[in-house]
Amino acid sequence: MKSIGFWIALCTLAGFLVSASFEWGFVIFTDDPFISFRYAENLLEGHGLVFNPGERVEGYTNFLWTMLLAAGMSAGFDPVPLSQWLGLTASLASLVIVAVVSRRLYSGVIISAMCGMILISNRDFLRWGTGGLETPLFTLLVLGAVTVSISASNRRSRWLAGILGAAAGMTRPEGILLVLPMTLLNPGVRKNRRACVDVLTAFAIVYCPYFLWRVVYYRQLCPNTFYAKVAGSLIETITQGLVYAGGYLKHVGEIPLIGTLILAWLAMRRRPEFPVMWTILVFSLVSVVEGGDWMPSYRFFVPLQPLIALATGAAIDGLTKGTVIPWGSGHFFNRVLALLVPVSLIMTPHLMQPTGFLHPVFRRIAQSARAEKAVSESNPGIGRIGRSLSVRQGGEEHWIDADKALAFWLKRTAPENATIALGRIGVIPFYSGLRTIDFFGLTDPAIARGPARSCFSLSGHQKLDVSYILDRRPDYIIFPGRGRDSGQETAPYWARVLRFDQDRRFTEKYDRVRVEGMESAHQVYRRNSR
């Protein structure tokens, strides 16, 4: 009966995850998935794994995800629903692993159900499940690698842990850091030299050929996106990452989360699943060092949600058994605290606005670390351009629809060899098929390796070289439409903000093109013949 109850609870949680993911997921579907779609499409058309045919630039950081998309697209699937279903499948697999592993570790259906509820109550986990990016797959691989490594009692399981860790590294660059919690920070593996060698060997056999291929193919050690996103000093980047981490803690409720993780650390410190805590710590530090992310719903912390759910299970189990607070398993305080831990994690972000104490502190640190205030602070709407991508426009129209309409207009009216320059390089380049110059250098090494000249403080939007862009003589230059907080017509607005209007080649050689029905969504300039 306990087994039947477990699977009924699991199916109920899975059903809620599916419905909630599709309710929230498409709202968060950003422009970036279409970058991977374009790489996959060019690969299938024989141009190689490139953004623009003939230009070997690694403007993506999700190789394994892009390969899965290419496989699905080769079978005739539309990449948008394909990416959503792949992500949802990975999220469901993560839920199953959390439920099964927590039941095995903590020997109880109730704790297992609580772990599952904690996972699916996290809005960020649900939203990114169908967000189109590699986040759900990376989450699954991180969870799989860690949970397999903590029970790696035989050689087969150790090799599986190494392979999953390598797959995570091929899905996101920071995935290679899983080697630490799987080996050096895993007491069960660290004390067994043969076990450590097995994990590292399996990891190297899978990951090293991929790494050598990408270095030879793209002729650079790091992805081009790394250079595009590295702007300013290391101190500025870290302080920006602290602001990001503080925002996440405020978003989920920092007191319940930090308190739960402290209890979990005490409960796990002498148990084989202690690498779960090290993984949470390592990847939290990585998010800070990387400077955070511009996208909504704290994408960089989503891979930690299943691990946080497992850690919560350990805290509850430790409290009920009296191993965390030494007052005995039947003590009233322990029982109350064991109930409050999951309830506070689940309910705080939904029923009240969590109060953040660390976030304002981190913001002040970040402001003092900057040499000067970001220009974006004096320009209304710029600081929120990233968030504007995740909201619906009038009625049920999604912003993607406007970008697709412009892409199809360009495909009808522009020459096949035309070049466009813009900042949102996902939807419009994918559906138009035109050669593209990225304002912010994600797919352009010259801009990516240049200084930070943009007015944006958003990660990945700080590199800009107007002179270089105009030197390449694009046929069309496309700016966003109306600024979210500005009530003005923005025809010269974004050109002024990005300083295109300060170059005579733009003011003299480009004319505004009126695209019927799209003036509020895009500002299009076409090169004239003068």
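### Brief notes about unusual backbone geometry
Alright, step 1. In this structure, Tyr298 takes a positive phi of about 45° despite not being glycine.
Alright, step 2. Note on placement: Tyr298 falls in the loop between α15 (275-289) and α16 (305-321).
Alright, step 3. The phi torsion at Arg499 lies on the positive side, around 70°, for a residue other than glycine.
Alright, step 4. Mapped onto the elements, Arg499 comes out in the loop between α24 (493-497) and α25 (504-509).
Alright, step 5. Given the relative accessible area of 30%, Arg499 is considered partly exposed.

### Section: the packing of aromatic side chains
Centre-to-centre distance and the angle between the planes together describe a pair of aromatic rings.
Alright, step 1. All chains considered together, the criterion is met by 38 aromatic pairs.
Alright, step 2. On the basis of an interplanar angle of 70° and a centroid distance of 6.1 Å, the ring pair of Phe138 and Phe283 is categorised as edge-to-face. Here the residue Phe138 occupies a position in helix α7 (residues 135-149), and Phe283 occupies one in helix α15, the gap between them amounting to 145 residues. Take Phe138 and Phe283: they sit in the same class, and that class is buried.
Alright, step 3. Residues Phe274 and Trp278 carry aromatic rings whose centres are separated by 6.0 Å and whose planes lie at 80° to one another, so their mutual orientation is edge-to-face.
Alright, step 4. A relative accessible area of 24% means that Trp278 is categorised as partly exposed.
Alright, step 5. Taken together through their ring pairs, the aromatic side chains of Tyr39, Phe51, Tyr60, Phe63, Phe203, Tyr207, Tyr210, Phe211, Trp213, Tyr217 and Tyr218 make up a single cluster.
Alright, step 6. If you follow Arg38 out to its NZ or CZ, it ends over the ring of Phe51, 4.4 Å from the centre.
Alright, step 7. The ring of Tyr227 carries the charged tip of Arg449 above its face, separated from the ring centre by 3.9 Å.

### Re the sheet that holds strand β1 (residues 419-422)
Alright, step 1. Taking strand neighbours across the sheet as the criterion, the five strands line up as β2-β1-β3-β5-β4 in an open arrangement whose pairing is mixed. With one partner strand each, in any of the chains shown, β2 (435-438) and β4 (510-513) form the two edges of the open sheet. With strand direction ignored, the average angle separating the axes of adjacent strands in the sheet is 25°.
Alright, step 2. As paired strands, β1 and β2 are joined by four bridges and run parallel to one another. Of the residues in β2, the one forming a bridge with Leu422 is Asp438.

### Things to note about the packing of helix α4 (residues 79-106) against α7
Alright, step 1. With their axes 8 Å apart at the nearest point, α4 and α7 run at an angle of 25° to one another. Classified by the angle their axes make, α4 and α7 are roughly parallel. Helix-helix and strand crossings are classified by hand; for α4 and α7 the assignment is left-handed. Along its contact with α4, which presents Gly87, Ala90, Ser91, Ala93, Ser94, Ile97, Val98 and Val101, the element α7 presents Pro136, Leu137, Thr139, Leu140, Leu143 and Thr147.

### Considerations on the pairing of strand β3 (residues 476-480)
Alright, step 1. Most of β3 is tucked away, with four of its five residues classed as buried.
Alright, step 2. Two strands pair when backbone bridges link them, and β1 and β3 are joined in this way by two bridges, in the parallel orientation. Looking at β3, one finds that Ala421 is bridged to Ile477.
Alright, step 3. Bridge count for β3 against strand β5 (residues 522-527) is five bridges, and the pairing is antiparallel. Of the residues in β5, the one forming a bridge with Pro480 is His522.

### Quick word on helix α14 (residues 254-268)
Alright, step 1. Over its 15 residues, α14 runs 21 Å from end to end, which matches the ideal 21 Å to within 8%, given 1.5 Å per residue.
Alright, step 2. When we look at burial in α14, the residues that qualify are Glu254, Pro256, Leu257, Thr260, Leu261, Leu263, Ala264, Ala267 and Met268.

### Focus on the environment of Val179
Alright, step 1. Tracing the sequence through the fold places Val179 in helix α9 (residues 179-184).
Alright, step 2. Overall, the relative accessible area of 18% leaves Val179 in the buried class.
Alright, step 3. Not counting chain neighbours up to four residues away, the residues in contact with Val179 comprise Leu184, Leu200 and Phe203.

### Re a nonpolar patch on the surface
Alright, step 1. Together, Ile258, Ile262, Trp265, Leu266, Leu281 and Leu285 make up an exposed nonpolar region whose accessible area comes to about 490 Å².
Alright, step 2. Of all elements in the fold, only α14 and α15 reach the threshold of two or more residues within the nonpolar patch.
Alright, step 3. The element contributing the most residues to the nonpolar patch is α14, with four residues.
Alright, step 4. Following the sequence through the fold, Leu281 ends up in helix α15.

### What about helix α5 (residues 109-120)?
Alright, step 1. Between its terminal C-alpha atoms α5 stretches 17 Å, which fits the 16 Å expected from twelve residues at 1.5 Å a residue.
Alright, step 2. Regarding α5, the residues found buried are Ile111, Ser112, Cys115, Gly116, Ile118, Leu119 and Ile120.

### What to know about the pattern of salt bridges
A side chain of one charge can pair with a side chain of the opposite charge when the charged atoms of the two come close.
Alright, step 1. Taken as a whole and judged by the stated rule, the model has 17 salt bridges.
Alright, step 2. Here Arg505 and Asp471 are joined by a salt bridge, their closest N and O atoms 2.3 Å apart. Linking Arg505 in helix α25 with Asp471 in helix α23 (residues 466-471), this pair joins segments that are 34 residues apart in sequence.
Alright, step 3. Exposure remark for Arg505: the relative accessible area of 29% places this residue in the partly exposed category.
Alright, step 4. Salt bridges linked by common partners bring Glu134, Arg172, Glu174, Asp293 and Arg299 together as one network.

Criteria and thresholds
- Residues numbered from 1 in each chain as written.
- Predicted model: local features only at pLDDT ≥ 70, side-chain atom pairs only at ≥ 80, totals over all residues.
- Heavy atoms only, no water.
- Helix = DSSP H or I, 4+ residues; strand = E, 2+ residues; numbered from the N terminus.
- Buried < 20%, exposed > 50% of the residue type's maximum accessible area, 1.4 Å probe, protein only.
- Phe/Tyr/Trp six-rings, centres within 6.5 Å; stacked < 30°, edge-to-face > 60°.
- Lys NZ or Arg CZ within 6 Å of the ring centre and 35° of its normal.
- Pairing = 2+ DSSP bridges.
- Axes fitted to C-alpha atoms, helices over the stretch in contact; angles between N-to-C directions.
- Parallel < 35°, antiparallel > 145°, perpendicular 65-115°, else oblique.
- Left-handed = near helix turned anticlockwise from the far one by under 90°.
- Contact = heavy atoms within 4.5 Å.
- Expected span 1.5 Å × (residues − 1).
- Patch = residues over 30% accessible without salt bridge, like charges linked within 9 Å, V, L, I, M, F, W, Y side chains within 5 Å.
- Areas by Shrake-Rupley, 256 points an atom, 1.4 Å probe, with all protein chains shown as cover.
- Salt bridge = Lys/Arg side-chain N within 4 Å of Asp/Glu carboxyl O.

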